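Chains, contacts and geometry: an overview
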Amino acid sequence: MMKKLFPYIIKLIEILKPKFYDRITSIAVLSGVSLMTSPLWLVVIETVLGISFNQSITGESDIVWGFTLCCLGLAYHLAATGIHEYLLLQEKKEAHAKCLEHDTAIFEKLEALLSEDDLESIIANVETDDSIYWDDCLKIGMFVRKARSSNGAFLADSIKVKTKDLADVLEDFKRFVHDKFDKYPYEQGIANFRMCLAPKLNCERAGDWENGGKYDSLVQIMMEHTQRCLSDYKEWRLSIKETLFI
């Protein structure tokens with residue numbers, strides 16, 4: 001209940017701050033100072049009366065009351081300022097906690113689509129066998145779509161930048177697979193079929209020896225894509241750990 005009232009209390013204090021409680025403090029302090037200090041003519045009369053008749057016009061109580069009033073004014077100012085700063089701090093903490101909760105939920109959804117172990121397994125298969133399975137392509141595609149959607153947007157700027165970089169790199173790799181990989185063996189009749197890098201250029205599959213140079217060039221490009229995927233995922237995961245502590 002109090003957390004819901006914080007914004008309203010802060011607004012009220014900010015409205016009163018420059019116009020109200022600063023004036024109260026000034027009035028209290030000036031009044032206290034005026035009570036503690038006496039004009040020159042009053043000091044002369046006090047001196048004469050004190051010497052001749054041992055009498056006092058103002059009395060020591062004025063100094064006590066003046067000092068007390070100054071202390072109260074300053075204490076009031078510090079209390080009002082402290083309450084304002086405390087409420088601002090609590091509001092900031094609550095907003096930060098909500099950001100952490102939101103970004104943690106987004107991360108968990110993305111990791112469920114493509115975890116670091118999933119990607120390492122996919123890349124290991126691609127780099128050792130020059131092949132990838134259809135379901136693995138779907139995993140990468142779903143991760144990219146979720147990462148680029150408004151519902152999958154992080155609030156922390158550092159994670160937001162790394163997520164965009166990772167999505168771009170994965171999209172480039174997926175596009176390379178779409179352009180340069182082909183279903184092989186051709187007669188596969190399963191939904192999760194295997195795709196191989198340019199099988200018609202690979203002499204160990206459906207190609208000829210004279211196409212080896214072209215195939216090797218494609219392998220080099222493929223390795224550049226896979227290494228970027230791994231490095232960008234690690235950087236993304238590190239930004240998650242540094243910001244969300246998970």
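These remarks concern the structure in this document.

**Here we look at the overall build of the chain**
Check the secondary structure of the chain and you find seven helices and three strands. For the chain, the succession of helices and strands along the chain, N to C, is α-α-α-α-β-α-α-β-β-α. Per-residue burial over the chain gives 31% buried out of 246 residues. Within the chain, counting contacts between residues at least 6 apart in sequence, those at least 24 apart form 68% of the total. When the accessible area of the chain is evaluated, it comes to approximately 15,500 Å², of which 62% is carbon and sulfur surface.

**Focus: the packing of aromatic side chains**
Summed over the entire model, instances satisfying the criterion amount to seven aromatic pairs. When the ring of Phe-107 is compared with that of Trp-236, the centres are 5.7 Å apart and the planes differ by 50 degrees; the resulting orientation is tilted. Taken together, the positions of Phe-107 in helix α3 (residues 61–113) and Trp-236 in helix α7 (residues 212–244) put the pair 129 residues apart, joining distant regions of the chain. The burial state of Phe-107 is the same as that of Trp-236; both residues are buried. An angle of 90 degrees between the planes, with centres 5.2 Å apart, marks the rings of Tyr-184 and Tyr-186 as edge-to-face. We classify Tyr-184 as buried; its relative accessible area is 16%. Given the relative accessible area of 38%, Tyr-186 is considered partly exposed. Aromatic ring contacts, followed pair by pair, group Phe-107, Phe-143, Tyr-233 and Trp-236 into a single cluster. Above the face of the Phe-193 ring, Lys-183 is positioned so that its terminal group lies 5.2 Å from the ring centre.

**Examining the environment of Lys-164**
Along the chain, Lys-164 turns up in helix α6 (residues 157–180). Accessibility expressed as a relative area gives 53% for Lys-164, which makes it exposed. The spatial distance from the C-alpha of Lys-164 to the C-alpha of Ala-147 is 7.4 Å, given a sequence separation of 17 residues.

**Examining the pairing of strand β3 (residues 194–197)**
Two elements, strand β1 (residues 131–133) and β3, share three bridges in a ladder whose sense is antiparallel. Note that in β3 the partner of Tyr-133 across the bridge is Arg-194. For strand β2 (residues 181–183) and β3, the ladder comprises three bridges, and the chain directions are antiparallel. What sits directly across from Phe-181, in β3, is Leu-197.

**Considerations on the side chain of Arg-194**
Mapped onto the secondary structure, Arg-194 falls in strand β3. Once you skip the residues sitting within four places of it in the chain, Arg-194 turns out to touch Asp-129, Ser-131, Ile-132, Tyr-133, Asp-182, Lys-183, Tyr-184, Pro-185, Gln-188 and Arg-205.

**Brief notes about the packing of helix α5 (residues 134–148) against α6**
In contact at an axis separation of 9 Å, α5 and α6 are set at 145 degrees when each is read in the N-to-C sense. The two elements α5 and α6 cross, and the hand of that crossing is left-handed. For the pair α5 and α6, contact is made by Cys-137, Ile-140, Gly-141, Phe-143, Val-144, Ala-147 and Arg-148 and by Thr-163, Leu-166, Ala-167, Asp-168, Leu-170, Glu-171, Phe-173, Lys-174 and Val-177, respectively. Counted by class, the contact of α5 with α6 contains ten nonpolar, two polar and four charged residues.

**As for the side chain of Asp-103**
Counting through the fold element by element, Asp-103 comes out in helix α3. One buried charged side chain, Asp-103, makes no salt bridge at all; its nearest oppositely charged neighbour is Lys-160, positioned 8.2 Å away. Here Leu-155 takes part through its backbone nitrogen, which lies 2.8 Å from a polar atom of the side chain of Asp-103. Excluding anything up to four places from it in sequence, Asp-103 contacts Phe-154, Leu-155, Ala-156, Ile-159 and Leu-244.

Calculation notes
- Residues numbered from 1 in each chain as written.
- Predicted model: local features only at pLDDT ≥ 70, side-chain atom pairs only at ≥ 80, totals over all residues.
- Heavy atoms only, no water.
- Helix = DSSP H or I, 4+ residues; strand = E, 2+ residues; numbered from the N terminus.
- Buried < 20%, exposed > 50% of the residue type's maximum accessible area, 1.4 Å probe, protein only.
- Contact = heavy atoms within 4.5 Å.
- Areas by Shrake-Rupley, 256 points an atom, 1.4 Å probe, with all protein chains shown as cover.
- Phe/Tyr/Trp six-rings, centres within 6.5 Å; stacked < 30°, edge-to-face > 60°.
- Lys NZ or Arg CZ within 6 Å of the ring centre and 35° of its normal.
- Pairing = 2+ DSSP bridges.
- Axes fitted to C-alpha atoms, helices over the stretch in contact; angles between N-to-C directions.
- Left-handed = near helix turned anticlockwise from the far one by under 90°.
- Nonpolar A, V, L, I, M, F, W, Y, C, P; charged D, E, K, R; others polar.
- Lys, Arg positive; Asp, Glu negative; His and termini not counted.
- Salt bridge = Lys/Arg side-chain N within 4 Å of Asp/Glu carboxyl O.
- Polar contact = N/O pair within 3.5 Å; in protein donor to acceptor, adjacent residues only side chain to side chain.

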